[in-house]
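The residues making up each chain are set out below.
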There are 4 protein chains.
Amino acid sequence: MSATKKKSNQANAAAPERRRELLDTAAEVFAAQGYNATTVRKIADAAGMLAGSLYYHFDSKESMLDEILSTFLTELWEGYDAVLAASLGPRETIEALVTESFREIDRHRAAVAIYQKESRHLVDLPRFHYLADSQRRFEKAWLGTLERGVADGVFRADLDVRLTYRFVRDTVWVAASWYRPGGRHSPEEIARQYLSMVLDGIAVRA
Amino acid sequence: MSATKKKSNQANAAAPERRRELLDTAAEVFAAQGYNATTVRKIADAAGMLAGSLYYHFDSKESMLDEILSTFLTELWEGYDAVLAASLGPRETIEALVTESFREIDRHRAAVAIYQKESRHLVDLPRFHYLADSQRRFEKAWLGTLERGVADGVFRADLDVRLTYRFVRDTVWVAASWYRPGGRHSPEEIARQYLSMVLDGIAVRA
Amino acid sequence: MSATKKKSNQANAAAPERRRELLDTAAEVFAAQGYNATTVRKIADAAGMLAGSLYYHFDSKESMLDEILSTFLTELWEGYDAVLAASLGPRETIEALVTESFREIDRHRAAVAIYQKESRHLVDLPRFHYLADSQRRFEKAWLGTLERGVADGVFRADLDVRLTYRFVRDTVWVAASWYRPGGRHSPEEIARQYLSMVLDGIAVRA
Amino acid sequence: MSATKKKSNQANAAAPERRRELLDTAAEVFAAQGYNATTVRKIADAAGMLAGSLYYHFDSKESMLDEILSTFLTELWEGYDAVLAASLGPRETIEALVTESFREIDRHRAAVAIYQKESRHLVDLPRFHYLADSQRRFEKAWLGTLERGVADGVFRADLDVRLTYRFVRDTVWVAASWYRPGGRHSPEEIARQYLSMVLDGIAVRA
DNA sequence: TATGAATGAGGTTTCATTCAT
DNA sequence: AATGAATGAAACCTCATTCAT
């Protein structure tokens, strides 16, 4: 994902499971404490090794973050692209995107939480420009679907579509901050409840 | 708010304008860059002084954060308590709380953004235990109102009230991440749109 | 000695020689310049490393001081306890304590000098409360022996025993301020001279 | 005392009582906490003013120390010189010097304590060279008297006179660390007890 | 005389990173 | 693969000192 990856420590692609383990550990700590507040030593502690040893596996703390986020976004877009390629109606598209999003939160909770908290600052770094690309595609997919729904008469025309987009987008992703995999609700159940609220409202109809 | 406030630099309460100016500056930088990524030098630069000079006014970077958050929460609860004391019906209470919340975002955008991003880690520090207290009161107010609404038959009984609470709560506060005071929408307009969406849904009624 | 010693850098107890070397270096500088006037950079210079590198081995400048003093006191009390356990007569006990003291000065000159200069302020810090404990035991041992000697008729009854205790105590320990190991006088020789003066006086007998 | 005293704040000789008050305050704090550990703010707090205000009265923290020490030494030498000019016998000279010393401790306890703790480092600063001068005169007076006493047969010849000098000198001055003016013993009484111990010993004569 | 606010140098500490083993 | 020790930059903070009022 990041543009320039010299030969670097990617060479260790020979033992990718260890890499993945370490990245998962790092992601948990980043999510719990914030990227800046996370020292490389904390990650190493959590992984049962010394700080310096991490540099056998990764170029830098930043490259860990990079790999966590880019891996997540790659998988996210696989799911989204499948949904978008299905050419569903606007309501069904929204339902599918929301459901897919909660599934991603289930699979990549830490990465989503990191993305939420850090992406704003990171976008400024050349290495993380791909975050901006992703955001643009994201907005296009969601906003487009909402607009199509308004045009088709399935979504209300009296709401500011841009405001609605922001509300919907944020509420979905911020769920990563409280969601715990294996909890009371499956991702699909959460998606169902959320969609029911957003589509039909919480008020009893007169 | 924070437990031990010796005589310390709080003594300068005599000339609070400069203090407030500096705290506003600090809050902007914290909100823009994140608390940990904000160096005390950046704050000083933004305030047009040297880093060390900040310590004439404040004990530490952390105490600036403390004062920003506690001031915000104090004002927030003044507004909330007024609403709760009015003994409105559940729907009207939700409407008033949402409107009040967007007004607070309008007034304390930076503080709200900081609160959103940092409160999770901060709660662990004894000094910031009051954040947890506030969260508990917050949950009680919102969740209680939703439950009362369900009991009264004004809110739908088929939605998980706890999930609904989380969605509603998050959507309100994340707005601080994109809201710009003086922008296209007034806080009241945003609240209206938001309430319309959450209460009645975005789908056109069958 | 100090109450809370998390895992921290004490963990390096596996390779204690480097630690001890560095502490010896630090003790020399502390003794020569005073604890407060000693910058951590001066210690690092004397040790041939950079200031930051010291923090690989120690938590803080204060913890270096703590370890220097507590190590010294531990060894001192080993010697003292052996003397006190021997149940000698009062005069012989004083002789043995004085001799042991000068031996400790010989072995831990820097630590003793630091103790002399800094213990008064340090006792106020919770971390250094053990200094007060040590002082109490110290007083009990010396004062008790003097009192026993007076009761037994081997020490003069016309002197204020408390004043005498202070004079004796001080004279022993201030020696650390001028004593140089390997100098003209061995610790035992100094002890002998000192005991002769204190026991029999410097005046020629009438 | 200190060589170069430009026009400086000595100009305030108009109101010398305030000056003296402030110096007494400063001396107490220096003695209690050590010169380096004493911030100018602590002195100002103790004097009931702000740190900056001290600079109306004094050029610098160092010049306060200078004035405290030089004033003390001036008075000390007035007393010593009177004793030395009296041409007493060696034993009577020692008695008079010790008595005079305890009187100085009574009058200048803080200054003596500071002198004890700080003079070693200070001597290196040009401004405080006079401390070295004083030490030389001091040694000459005491050591000379002891040697004269040995030659005259009033002091024992079997003791190392240099060691004895150090013991006597240190024990006298270190008393400043525990002496409290207005306590159980007058300076003269302490001197009597001390002289009795040092001259005749604490052991009962066989 | 004293205050309030600031400066600027320097101190302690943290931390990502490197590297020989 | 990992350790142990160190580097060096930069962070937070302290403090003597200055100065307009």
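Residues numbered from 1 in each chain as written. Chains lettered and ligands numbered in written order. Predicted model: local features only at pLDDT ≥ 70, side-chain atom pairs only at ≥ 80, totals over all residues. Heavy atoms only, no water.

- In the nomenclature of an unreviewed UniProt entry, chain A corresponds to Transcriptional regulator TetR family protein from the organism Streptomyces filamentosus.

**Considerations on the interface of chain B and chain A**
So, point 1. Opposite the 44 residues of chain B that make contact, chain A presents 44 residues.
So, point 2. Broken down residue by residue, the surface that chain B buries against chain A is led by Phe167, Trp178 and Ile202 of chain B, which jointly contribute 18%.
So, point 3. Viewed at the interface, chain A and chain B are joined by 0 salt bridges.
So, point 4. Here chain B and chain A share 27 residue pairs in polar contact (both at pLDDT 80 or more) between them.
So, point 5. Contributions of two or more residues to the side of chain B that touches chain A are made by helix 5 (90–107), helix 6 (109–122), helix 8 (161–174) and helix 9 (187–200) of chain B.
So, point 6. When residues in the side of chain B that touches chain A are grouped by element, the largest group, 10 residues, is from helix 8 of chain B.
So, point 7. By residue class, the composition of the side of chain B that touches chain A is 19 nonpolar, 12 polar and 13 charged. (Contact = heavy atoms within 4.5 Å. Buried area = accessible area lost by both parts, 1.4 Å probe. Salt bridge = Lys/Arg side-chain N within 4 Å of Asp/Glu carboxyl O. Polar contact = N/O pair within 3.5 Å; in protein donor to acceptor, adjacent residues only side chain to side chain. Helix = DSSP H or I, 4+ residues; strand = E, 2+ residues; numbered from the N terminus. Nonpolar A, V, L, I, M, F, W, Y, C, P; charged D, E, K, R; others polar.)

**Here's the deal with the protein's contact with DNA strand F**
So, point 1. Taken together, 29 residues are adjacent to DNA strand F, and Ser53 of chain A, Tyr55 of chain B, His57 of chain C together with Val40 and Tyr55 of chain D come closest.
So, point 2. What you see for DNA strand F is that sugar and phosphate hold 77% of its atoms within 4 Å of the protein.
So, point 3. One of the backbone N or O atoms of lysine 61 of chain B is found 2.9 Å from a phosphate oxygen in DNA strand F.
So, point 4. Here a phosphate oxygen of DNA strand F sits 2.6 Å away from a polar atom, N or O, in the main chain of valine 40 of chain D. (Near = heavy atom within 4 Å.)

**Digging into the packing of helix 8 (residues 161–174) of chain C against helix 9 (residues 187–200) of chain D**
Helix-helix packing: each pair is described by the crossing angle between the helix axes and the interaxial distance.
So, point 1. Contact pair helix 8 of chain C / helix 9 of chain D: the axes reach a minimum separation of 10 Å and the direction vectors enclose 60 degrees. The two elements helix 8 of chain C and helix 9 of chain D meet at a crossing, and its hand is right-handed. Touching Leu163, Thr164, Phe167 and Val168 of chain C of helix 8 of chain C are Ile190, Gln193, Tyr194 and Met197 of chain D, all from helix 9 of chain D.
So, point 2. For the contact of helix 8 of chain C with helix 9 of chain D, the class distribution of residues is 6 nonpolar, 2 polar and no charged. (Axes fitted to C-alpha atoms, helices over the stretch in contact; angles between N-to-C directions. Left-handed = near helix turned anticlockwise from the far one by under 90°.)

**Considering the nonpolar core**
So, point 1. In terms of nonpolar packing, the biggest core is built from 133 residues, with Phe102 of chain A together with Phe102 and Trp142 of chain B touching the most fellow members.
So, point 2. In this view, phenylalanine 102 of chain B contacts Phe167 of chain A together with Val172, Ala175, Pro187, Ile190, Ala191 and Tyr194 of chain B; residues no more than four positions away in its chain are not counted.
So, point 3. Core analysis: the second largest hydrophobic core is formed by 132 residues, Phe128 and Leu146 of chain C together with Leu76 and Leu146 of chain D among them. (Core = buried A, V, L, I, M, F, W, Y, C linked by side-chain atoms within 4.5 Å. Buried < 20%, exposed > 50% of the residue type's maximum accessible area, 1.4 Å probe, protein only.)

**What to know about the relation of the copies chain D and chain C**
Taken together, a rotation about one axis and a shift along it account for how the two chain copies relate.
So, point 1. Mapping chain D onto chain C is achieved by rotating through 179 degrees and translating by 0.1 Å along the same axis, at an RMSD of 0.2 Å. Here the two chains are linked by the operation of a two-fold rotation axis. When C-alpha distances to the rotation axis are compared across chain D, the minimum falls at glycine 201 of chain D, with a value of 1.9 Å.
So, point 2. Same-surface contact between copies: 100% of interface residues of chain D are shared with the interface of chain C. (Least-squares fit on C-alpha atoms with pLDDT ≥ 70 in both.)

**Re the UniProt feature "domain: HTH tetR-type" (unreviewed entry) in chain A**
So, point 1. Annotation from UniProt places "domain: HTH tetR-type" (unreviewed entry) at residues 16–76 of chain A.
So, point 2. Within the segment residues 16–76 of chain A, helix and strand shares are 75% and 0% respectively, and the terminal C-alpha atoms sit 20 Å apart. (UniProt positions renumbered as here; feature names shortened; annotations may be inferred.)

**Observations concerning the protein's contact with DNA strand E**
So, point 1. Neighbouring DNA strand E are 28 residues; Val40 and Tyr55 of chain A, His57 of chain B, Tyr55 of chain C together with Ser53 of chain D lie closest to it.
So, point 2. Counting only the atoms of DNA strand E that lie within 4 Å of the protein, the sugar and phosphate share comes to 74%.
So, point 3. Between valine 40 of chain C and DNA strand E, the recorded distance is 2.7 Å, taken from a backbone N or O atom to a phosphate oxygen.
So, point 4. In the environment of DNA strand E, a phosphate oxygen lies 2.8 Å from a nitrogen or oxygen atom belonging to the side chain of histidine 57 of chain D.
So, point 5. Classifying every residue of the surface near DNA strand E gives 11 nonpolar, 13 polar and 4 charged.

**Describing the UniProt feature "DNA-binding region" (unreviewed entry) in chain A**
So, point 1. Listed under "DNA-binding region" (unreviewed entry) in the UniProt record, and renumbered for this structure, are residues 39–58 of chain A.
So, point 2. Annotated as 60% helix and 0% strand, the span residues 39–58 of chain A places its first and last C-alpha atoms 15 Å apart.

**Notes on the arrangement of the chains**
So, point 1. Where chain B comes nearest to chain C, the C-alpha atoms are still 18 Å apart, and the two do not contact one another.
So, point 2. Separated without contact, chain B and chain D have their nearest C-alpha atoms at a distance of 12 Å.

**With respect to the interface of chain D and chain C**
One frequent convention defines the size of an interface as the accessible area lost when the parts assemble.
So, point 1. Listed by partner, the interface residues are 44 residues for chain D and 45 residues for chain C.
So, point 2. Between chain D and chain C the total buried area reaches about 4,300 Å² when both faces are included, carbon and sulfur atoms providing 62% of it.
So, point 3. When residues of chain D are sorted by the area they lose upon contact with chain C, Phe167, Trp178 and Ile202 of chain D head the list and together hold 18% of the total.
So, point 4. The tally of links from chain D across to chain C stands at 0 salt bridges.
So, point 5. Linking chain D with chain C are 27 residue pairs in polar contact (both at pLDDT 80 or more), by the criterion used here.
So, point 6. Those elements giving two or more residues to the side of chain D that touches chain C turn out to be helix 1 (16–33), helix 5 (90–107), helix 6 (109–122), helix 8 (161–174) and helix 9 of chain D.
So, point 7. Among the elements that line the side of chain D that touches chain C, the one with the most residues is helix 8 of chain D, at 9 residues.

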